[in-house]
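Listed below are the residues making up each chain.
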Amino acid sequence: MQEHQPGPSTLCVHGGETTDPQGGIHTPLYNHSTFAFPSTRALLDVVEGRVEGNLYTRYGLNPTIKAAERKLALLEGGEAALVFSSGMAAEAAAFLACCKSGDHIVCIGDVYGGTFELLESQLPGLGIETTFLLGSEIGRLAEVMTERTRIVFFETPTNPNMEVIDIAAVAQVAKAHGALTVVDNTFASPVNQSPLALGADLVIHSTTKYLGGHSDLTGGVVIGPRALIDPIWPWRKNLGQMMAPEVAFLLLRSVRTLTVRVRQQNANAQAVAEFLSTHPKIKRVNYPGLPDFAGHDVARRQMHGFGGMISFVFDGDADATAAVVDRLKLFSIAASLGGVEGLVTQPITTTHHGMTPEERRRRGIDDGLVRISCGLEDAEDLIADLQQALG
Ligand SMILES: *Cc1c(COP(=O)(O)O)cnc(C)c1O
């Protein structure tokens, strides 16, 4: 008989936890920077890798941090995970571990502003160049890859147009050319999408968003097979990008309720998206859960839920759109996402503020575009708030 496999909610609650010697019900917070040994022999056993033990927190050899890593690895179906001080720290370490001078990255679709800046302005200084493809140019992937292409990187759904990229299809092309597929799964969360199961090699999250879920921690994680995770470890160690144990403890606390939160956010977003798509002052709603949305079919195939993020185009100029945003009461104007509270942002004022009007047009970033992150409020209240703000 096949062994019973626990589901995602069970993994959220129980996965990766350690037993507390004092009998505490969850993994305790070990905020110590260092751990003591009974003898030099015992210390050397850990330093030389013969025994798994705790040593020094910046190395990640700390029980609270290791518990967070085990839980996140289990949730994404990966062999190993490394947590970081932020999502950007996780991405930077992954790129630096996988690429050296002369290597090449392909980035598909819209990506987080910090990721774009790292790939476009900073990594070229180290001899690592990136080719950017729009989501609509995905057919050119094989053509832009070279024998120095190490990584094909993307987010799905993308920010802010919620474009859905076919993970399995991209991974197949990347693999055929000897490159790794690296997916930023922050928007979907592990509840709604499992990139490793679809052929991706590494998954990255900003744990600041859905995994933290309460807008009160900053962190990141990289998950994948041990053979790919191990080379990232010395980069984290020597760039000093460790997640603080207090944050790992908060993250463990948050992830125990992840499935409950995300499923409620999925349901709220579906209801809000359906309301918005019938509103006369809205030109377009971007949400993978709407049957007439371009990415709906791929999303149905590769996602377990459509997520809590929506964007829509208001029928008005930048100022009229800002006035709608300003009239919202339940949705706070903020750049982040994935928290228990509804958040709203006009991408031209935040994530895409630095972009030229031509580049925004090319990427379909309209002046009337608004992005919302649905919280855990009652869907009727979120809808009522949008209704009054739209006038
Ligand atoms: C926020 C975010 C990041 C960066 O994460 P930080 O924790 O702020 O460093 C990367 N990717 C996506 C999709 C994000 O939303």
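Parameters and conventions
- Residues numbered from 1 in each chain as written.
- Predicted model: local features only at pLDDT ≥ 70, side-chain atom pairs only at ≥ 80, totals over all residues.
- Heavy atoms only, no water.
- Pairing = 2+ DSSP bridges.
- Helix = DSSP H or I, 4+ residues; strand = E, 2+ residues; numbered from the N terminus.
- Axes fitted to C-alpha atoms, helices over the stretch in contact; angles between N-to-C directions.
- Contact = heavy atoms within 4.5 Å.
- Near = heavy atom within 4 Å.
- Polar contact = N/O pair within 3.5 Å; in protein donor to acceptor, adjacent residues only side chain to side chain.
- Areas by Shrake-Rupley, 256 points an atom, 1.4 Å probe, with all protein chains shown as cover.
- 1 Å grid on protein atoms, 1.4 Å probe; cavity = no way out; pocket = protein on both sides within 12 Å on 5 of 7 lines; lining within 4 Å.
- Sits in = over half its atoms within 2 Å of the grid points.

1. Remarks on the sheet that holds strand β4 (residues 149–155)
Alright, step 1. Sheet architecture is open: 7 strands sit in the order β1-β7-β6-β5-β4-β2-β3, paired in mixed fashion. One side of each edge strand has no neighbouring strand; the edge strands of this open sheet are β1 (80–84) and β3 (129–133). When the angles between neighbouring strand axes are averaged without regard to direction, this sheet yields 20°.
Alright, step 2. The sheet contact formed by strand β2 (residues 104–108) and β3 spans 5 bridges and is parallel. Paired with valine 106 across the bridge in β3 is threonine 131.
Alright, step 3. Packing of helix α3 (residues 63–76) onto the sheet brings it into contact with β1, β6 (202–206) and β7 (220–224), and relative to β1 it is tilted by some 125°.

2. Side note on the site of the ligand
Alright, step 1. Near the ligand lie 13 residues; those nearest to it are Met88, Asp184, Ser206, Thr208 and Lys209.
Alright, step 2. In the model, an oxygen atom of the ligand is placed 2.9 Å from a nitrogen or oxygen of the glycine 87 main chain.
Alright, step 3. The side chain of aspartate 184 places a nitrogen or oxygen atom 2.6 Å from a nitrogen atom of the ligand.
Alright, step 4. Bound to the protein, the ligand loses 92% of the 380 Å² it would expose on its own.
Alright, step 5. A molecule is said to occupy a pocket when more than half its atoms come within 2 Å of that pocket's grid points, and by this definition the ligand occupies the second largest pocket.
Alright, step 6. With 3 residues, the single largest contributor to the shell around the ligand is helix α4 (residues 87–98).

3. Some details on the sheet that holds strand β9 (residues 309–314)
Alright, step 1. Taken together, the 5 strands give an open sheet; going across it, the order is β8-β9-β12-β11-β10, and neighbouring strands pair in mixed fashion. The open sheet has two edge strands, β8 (282–286) and β10 (332–333), and neither has a second partner.
Alright, step 2. As defined by bridge partners, β9 adjoins strand β12 (residues 369–373) across 5 bridges and the pair is classed as antiparallel. Each residue of the ladder has a partner; that of isoleucine 310, found in β12, is isoleucine 372.

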